[in-house]
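The lines below spell out each chain.
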Amino acid sequence: MGSGSRIDHQHHLVATTAAGTTISAPSDATNPPDDEHQELVSRLLRLRSLMNENNATPEEAEELDRIRQRLQDEFQGALRQDVQDDPREEYDYPSEASPLTGTTDELASDEAIEALRQAFNRVPTQRDLPPEWGSPEDRSVQRAAAQQVLDEVAAEHQAAASLQEEAREQWPPDEVSYTEDFDAFQRDYDAARDRAERGEQVVPYMTENATGGLGSREGGRGFGVEIEFDIEPGVDRQQAIQNIARELRDAGLSRTARQYGYHSQQSAGYTDEPNAWRLESDCTVAGELVSPILYDEPQTWQNLATACEIIQRNGGRASFGTGGHVHVGMHDFDHDVANHTRLMQMYKAHEDVLYRLAQNPASEGNQHRGTRWCSPNPVPSEGYSAISQINSFHGQAVNLSGARRGGQSAHGEFRLWDGSLNPSVIQTQVKLSLGMAAAAVRQDTAVSGPRMELGSHREQRRQAGLGQRRRLTGDDWRTTTANFRQLVDSLFQRPEDKAQATALFHETRWQRR
C-alpha cells in the first residue's frame, strides 16, 4: 500500500552539490588503513563519474551512498577522538550528544570537513599498490578530485547553515500560545464543534498563504502528496479510472488521460509543473494520484481541490485501506544528525496525537487504518550519534530514507496519514508535516513531560477509570489536550494555523496501537 520515496529530483530547491559526504561523529568508528582508504576513495570517484555521466545503475547509486556514509562515519570517528584528546572549551559537549550537533557547532563541522580533507590527502602516492589503482600521477589526480568533493561539502554546509540561521531569525513569536493560554485553545475547539453541529465544513481550507511561509517557494520547502483511493461499490472500476484520468487531463492537471504503472512518476523524474500530476496504479487500492513538487501558492490549493473533486465525482472514495503520504523537502538538514534527532524525538514525543490527527475524519468508527504500512518509528531516547543509525524506511510512520543521504533532493515522507479526499484535511496534514521539518531545523522542538507513544491517552483514561466515550471536562480535559497544545505551539505561530489543526483534532479520536 502506498509508494516509495518521492521528490528525488528537486533541482531547484538549493544550490547543487555532487558531494553528499555526511557529517556526524559515531563513537565507535576507526580510521581505516591507507590501503582501504585508497580503495574506497577510488571506488567513490569512479561511481561519482558514472553518476555525472548518467551511466550508473540503481545498484551503483546505492553503493555510492553507502561509501559516502562509510567515509563520513569512519573519518569523523577519528575527529571525535581528537576532540576528546583536546578538551577545549568550544568542544565541551554533553556526553550523550554528538560533538557535531546544534546551531553552535559550525566550528566543529568545519573541523570535521578539515579532518576529511586531511584523510584524503593521506592517500599513499609512492607505495606499491595494485595496478588498477593507477600510477602516482593518477593518484594525484584522484586526490585533487577528492579535494573538490570536500570543497563541495563545505559549500553545501555553509549554504545549509545560512538557511537554518535565516529560518530561526525570521520565525516570528507566537501570536497566541495554546500552552500558556488554554482559553484560546478552548475557543477554537468550541468553534469547530459549533461548525460541526451546524453541518458546516469543520476544518477550514486556505488558498492564500496557507502555510505561513512553511511551504513557500522562497524561503520555505517544497512538498508533495500521494492520494490513494478506491472506487465505490457498484461503480465500474475500469470506467471510473478512465473517467478520472480523462478529467484530470481536461482540467490541466495531467498531460495524458491514462493510468500509469506503480512508481512511474519516480522513474520519470519530478517537476514543479502544475500539469504534472500523475495517476498511478497500486496493487492494494484502485489508484494513487501523485502530485508534482508543490509550493504554498493559490494554484496548488486550487489544483488539490479540483483533483479531489474529480476523483469523488467519478466514484472514488477514501476507504479504510487507503493512505495519504506527504513528502517534505529537507535540503537544509545538511547531513546533520542533530536535525534528524530533533525531528524524530519530536515525532515520538507526540506520536499518539499525530496518529489521532492522521485518522480520516470520514472513516467508519473513527478508526485509523492501522499501522501495517506506517508502523511507529523506534526512536532511542538518547537520540542518534550518526545518521547511519537512524532506523527509518518505507513502511514506517516517518520515512527518512530519502533524507539521510542529504543534498538538494533530500526529503522525508510522512506516511502515517490516512487517505482522504477532503482537501482541508490533506492541507492540514501537509502543514503538520512541513511544521515538523521546519521546527527541527529551528530547534523549536523542546518537549516537557513523558513521551506520548501511540495508545498512551487511551491507556491513561483506562487507568483513571474514564470511559473512552465520556466527554472530559476540567482538569481531565486540560491534561489530555496538553500534548496536542504543545505540539501546535511548536509547529505554528499564526492563530489561523493553530485553529485549523484544532478543528482536525476535534474531528478525530485517540487510537489504539
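Our structure's up above, just so we're on the same page.
A short tour of the structure in this document, coming up. Note that this is a predicted model, so its numbers are computed, not measured. (Residues numbered from 1 in each chain as written. Predicted model: local features only at pLDDT ≥ 70, side-chain atom pairs only at ≥ 80, totals over all residues. Heavy atoms only, no water.)

## Things to note about the overall build of the protein
Thought 1: The helix and strand inventory of the protein stands at 15 helices and seven strands.
Thought 2: Within the protein, the proportion of its 513 residues that are buried is 56%.
Thought 3: Counting contacts in the protein only where the partners sit at least 6 residues apart, residues at least 24 apart contribute 76% of the total. (Helix = DSSP H or I, 4+ residues; strand = E, 2+ residues; numbered from the N terminus. Buried < 20%, exposed > 50% of the residue type's maximum accessible area, 1.4 Å probe, protein only. Contact = heavy atoms within 4.5 Å.)

## Points about the packing of aromatic side chains
The way to describe two aromatic rings as a pair is by their centre distance and the angle between their planes.
Thought 1: This model, assessed by the stated rule, comprises 12 aromatic pairs.
Thought 2: Each ring, one from Phe182 and one from Phe185, has its centre 5.8 Å from the other, and the planes form 55°; the classification is tilted. Residue Phe182 and its partner Phe185 are located together in helix α5 (residues 182-197), separated by three residues, close to a single helical turn.
Thought 3: Here Phe505 and Trp510 contribute two aromatic rings whose centre-to-centre distance is 5.9 Å and whose plane-to-plane angle is 80°, an arrangement assigned as edge-to-face.
Thought 4: By relative accessible area, Trp510 is classed as buried at 7%.
Thought 5: By way of ring pairs, the aromatic residues Tyr178, Phe182, Phe185, Tyr189, Trp477, Phe484, Phe505 and Trp510 are connected into one cluster. (Phe/Tyr/Trp six-rings, centres within 6.5 Å; stacked < 30°, edge-to-face > 60°.)

## Side note on the pattern of salt bridges
Thought 1: For the coordinates displayed, the defined rule picks out 16 salt bridges.
Thought 2: Ionic pairing is found between Asp190 and Arg193, a salt bridge with its closest N-O pair at 2.9 Å. Taken together, the positions of Asp190 and Arg193, both in helix α5 and three residues apart, correspond to about one turn of that helix.
Thought 3: The salt bridge partner of Asp489 is Lys498, with a shortest N-O separation of 2.7 Å.
Thought 4: Ionic contacts of the salt-bridge type, sharing partners, join the residues Lys431, Arg494, Glu496 and Asp497 into one network. (Salt bridge = Lys/Arg side-chain N within 4 Å of Asp/Glu carboxyl O.)

## Here we look at the pairing of strand β3 (residues 285-290)
Thought 1: Of all six residues in β3, six are buried, a share of seventy percent or more.
Thought 2: Inspection of the sheet shows strand β1 (residues 223-231) paired to β3 by four bridges, in the antiparallel sense. Counterpart to Glu226 in the pairing with β3 is Val290.
Thought 3: With four bridges joining them, strand β2 (residues 278-282) and β3 adopt antiparallel strand pairing. Within β3, the position partnered with Arg278 by the bridge is Val290.
Thought 4: Following β2, the chain reverses through two residues before pairing antiparallel with β3. (Pairing = 2+ DSSP bridges.)

## A few points about the packing of helix α6 (residues 237-250) against helix α8 (residues 298-313)
Thought 1: For the pair α6 and α8, interaxial distance at closest approach is 9 Å and the crossing angle is 150°. Classified by the angle their axes make, α6 and α8 are roughly antiparallel. As α6 packs across α8, the resulting crossing turns out to be right-handed. Residues Ile244, Glu247 and Leu248 of α6 pack against Ala307, Ile310, Ile311 and Arg313 of α8. (Axes fitted to C-alpha atoms, helices over the stretch in contact; angles between N-to-C directions. Parallel < 35°, antiparallel > 145°, perpendicular 65-115°, else oblique. Left-handed = near helix turned anticlockwise from the far one by under 90°.)

## Comments concerning the side chain of Ser456
Thought 1: Its location among the elements puts Ser456 in helix α12 (residues 456-463).
Thought 2: Side-chain polar atoms of Ser456 contact the backbone oxygen of Glu453, separated by 2.6 Å. (Polar contact = N/O pair within 3.5 Å; in protein donor to acceptor, adjacent residues only side chain to side chain.)

## With respect to unusual backbone geometry
Thought 1: Within the chain, Asn209 stands out as a residue other than glycine whose phi angle is a positive 45°.
Thought 2: Mapped onto the fold, Asn209 is located in the loop between α5 and β1.
Thought 3: Given a relative accessible area of 44%, Asn209 falls into the partly exposed group.
Thought 4: With a phi angle near 55°, Asn366 is a residue other than glycine that sits in the positive phi range.

## Details of the nonpolar core
Thought 1: Membership of the largest hydrophobic core comes to 86 residues, with the highest contact counts inside it found for Leu343 and Phe414.
Thought 2: Ranked by the residues each element gives to this core, the list is headed by helix α11 (residues 423-442), at 11 residues.
Thought 3: Setting aside its immediate chain neighbours within four residues, Leu343 contacts Met330, Phe333, Leu400, Phe414, Met436, Ala437 and Ala440. (Core = buried A, V, L, I, M, F, W, Y, C linked by side-chain atoms within 4.5 Å.)

## Quick word on helix α10 (residues 351-358)
Thought 1: α10 sits mainly inside the fold: eight of its eight residues count as buried.
Thought 2: Regarding α10, the residues found buried are Glu351, Asp352, Val353, Leu354, Tyr355, Arg356, Leu357 and Ala358.
Thought 3: Where α10 is buried, its residues contact α9 (337-349), α11, α12, α14 (482-491) and α15 (495-507).

## A few points about the environment of Gly455
Thought 1: Relative to the assigned elements, Gly455 resides in the loop between α11 and α12.
Thought 2: With relative accessibility at 15%, the residue Gly455 sits in the buried group.
Thought 3: Through-space distance from the C-alpha of Gly455 to that of Glu351 is 8.9 Å; in sequence the pair is 104 residues apart.
Thought 4: Each residue touching Gly455, except ones within four places of it in the same chain, is listed here: Asp352, Gln511 and Arg513.

## Examining the side chain of Asp336
Thought 1: Looking at where Asp336 falls in the secondary structure, it is placed in the loop between β5 (324-329) and α9.
Thought 2: The charged side chain of Asp336 is buried without a salt bridge, its nearest counter-charge being Arg342 at 5.1 Å.
Thought 3: Of the polar contacts made by the side chain of Asp336, one reaches the backbone nitrogen of Ala338; its length is 2.9 Å. (Lys, Arg positive; Asp, Glu negative; His and termini not counted.)

## Looking at the environment of Thr341
Thought 1: You can see Thr341 is positioned in helix α9.
Thought 2: Using a relative accessible area of 11% as the deciding quantity, one classes Thr341 as buried.
Thought 3: Distance in space between the C-alpha atoms of Thr341 and Val379 is 8.6 Å, their sequence separation being 38 residues.
Thought 4: Beyond its immediate chain neighbours, meaning those up to four positions away, Thr341 contacts Gly383 and Tyr384.

Bear in mind that shape data such as this cannot, by itself, settle questions of function.
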